[in-house]
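Take a look at the letters that make up each chain.
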Amino acid sequence: MCCGRFCSLHKIGSGSYGEVFSARNLETRRDVAIKRCRKGNEFDGGERELMILQHLDRALSRRGKDRCVMLLEHFIEHDITHFVFDLHDVNLFQRMMDDLPLSLQEISHFVGQLASALRFLKSIGLMHTDIKPENVVLCHDGTVKLIDFGSSCFVSEPIDFYIQSIFYRSPEVVLGFKLGVEIDAWSLGVLAYEMLYGDTPFQCDSPMAAFKAILTQEPVIPEVNACELPVPQEAQ
């Protein structure tokens, strides 16, 4: 697949609203990630996501790096919107599948940076709404970034579409309450537990089963000495 000056190398991911390919810029020889938005989805084929990404990029350009992916450019080919981002080799899900478990130092480091990202999103009125290992990429310098703002939304707007993967879904989302940035904090807490213990705290096959588990079940708490957990600068 070739789109203008970009030539696709291979597919690296897909979701409800698009597919992601690694690609090469034939002019600069730079490898990038390109997200192709699906036609006819409930987010207007990428128009809404573009608005979110442009709002995010304006804030990032003013404040510098804040642990969120930046849009390099976008273009439309055959009525399909394409978003171009930096290419990252590994996401957190892939890292967690390695035989070598995450160290407490790594977990603390990652959680602190993701908390910094959520603080930044709160400051510009955005909710990510889909925090999970697949949407966290590991950079070459040892830092992490949030990606995939396809279902993100402004705090002030009503939400009438599907958000949050089931294992990371907050009680407010399940019950249809008014939502705020706290739903991302819930998901980050679940992710931190998963990094530490190897699984999410509540395993369910439906939103209501998940909420019932939250109300009635106690997650198994791993025996970790809190003194062993370093506090990263981002979380202080």
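Quick caveat: nothing in here was measured; it's all calculated off a predicted structure. (Residues numbered from 1 in each chain as written. Predicted model: local features only at pLDDT ≥ 70, side-chain atom pairs only at ≥ 80, totals over all residues. Heavy atoms only, no water.)

S.K.: Help me out: how do you make sense of the pairing of strand 3 (residues 18–25) in this one?
M.R.: The two faces of the sheet receive side chains in turn, since in a regular strand these alternate between them. Most of strand 3 is tucked away: six of the eight residues are buried. One ladder, built from seven bridges, connects strand 3 with strand 4 (residues 31–37); its direction is antiparallel. Residue pairing for strand 4: F21 is matched across the bridge by I34. Between strand 3 and strand 4, which follow one another and run antiparallel, lie five residues, and R29 among them has a positive phi close to 65°. (Buried < 20%, exposed > 50% of the residue type's maximum accessible area, 1.4 Å probe, protein only. Helix = DSSP H or I, 4+ residues; strand = E, 2+ residues; numbered from the N terminus. Pairing = 2+ DSSP bridges.)

S.K.: Got a minute to help me understand the environment of S206 in this structure?
M.R.: Relative to the assigned elements, S206 resides in the loop between helix 5 (182–197) and helix 6 (207–216). Taking the relative accessible area as the measure of exposure, S206 reaches 25% and is therefore partly exposed.

S.K.: So what exactly am I meant to see when it comes to a nonpolar patch on the surface here?
M.R.: A surface patch of nonpolar side chains, amounting to about 310 Å² of accessible area, comprises L175, F177 and M208. In this fold, M208 is placed in helix 6. Judged by its relative accessible area of 51%, M208 falls in the exposed class. (Patch = residues over 30% accessible without salt bridge, like charges linked within 9 Å, V, L, I, M, F, W, Y side chains within 5 Å. Areas by Shrake-Rupley, 256 points an atom, 1.4 Å probe, with all protein chains shown as cover. Salt bridge = Lys/Arg side-chain N within 4 Å of Asp/Glu carboxyl O.)

S.K.: When you look at helix 5 in this model, what are you seeing that I'm missing?
M.R.: Note that an α-helix has 3.6 residues per turn; residues three or four places apart therefore point the same way. Helix length check: helix 5, at 16 residues, gives a terminal C-alpha distance of 23 Å against a target of 22 Å (1.5 Å per residue), a fit within 8%. Next to the buried residues of helix 5 lie helix 2 (92–96), helix 3 (104–123), strand 8 (126–127), strand 9 (136–138) and helix 4 (171–175). Within two residues after helix 5, G198 carries a phi angle of roughly 90°, on the positive side. (Expected span 1.5 Å × (residues − 1). Contact = heavy atoms within 4.5 Å.)

S.K.: Help me understand the pattern of salt bridges in this model?
M.R.: Oppositely charged side chains can form a pair if their charged atoms are brought close together. Enumeration over the complete set of coordinates arrives at 12 salt bridges. A salt bridge links R24 to D31; the shortest N-O distance between them is 2.7 Å. The partly exposed category is assigned to R24, whose relative accessible area is 28%. A relative accessible area of 31% places D31 in the partly exposed class. Note that E49 and K35 form a salt bridge whose closest N and O atoms lie 3.0 Å from each other. Taken together, the positions of E49 in helix 1 (residues 47–63) and K35 in strand 4 put the pair 14 residues apart, joining distant regions of the chain. For E49, a relative accessible area of 5% puts it in the buried group. Three or more residues are tied together by salt bridges with common partners; here these are R5, E27 and E73.

S.K.: Any chance you could explain the layout of surface pockets here in plain terms?
M.R.: For the largest pocket, the calculated volume is near 930 Å³. Every residue lining the largest pocket is counted, 37 residues in all, and those nearest its centre are V20, E134, N135, I147 and D148. The set of elements that each furnish at least two residues to the lining of the largest pocket consists of strand 2 (6–14), strand 3, strand 4, helix 1, strand 6 (80–86) and strand 7 (90–91). Here the residues of the lining of the largest pocket are counted per class, giving 14 nonpolar, 14 polar and nine charged. Reported here for the second largest pocket is a volume of approximately 320 Å³. Those elements that place two or more of their residues in the lining of the second largest pocket are helix 2 and helix 5. (1 Å grid on protein atoms, 1.4 Å probe; cavity = no way out; pocket = protein on both sides within 12 Å on 5 of 7 lines; lining within 4 Å. Points joined across faces, edges and corners; volume = space filled by probe spheres on them. Nonpolar A, V, L, I, M, F, W, Y, C, P; charged D, E, K, R; others polar.)

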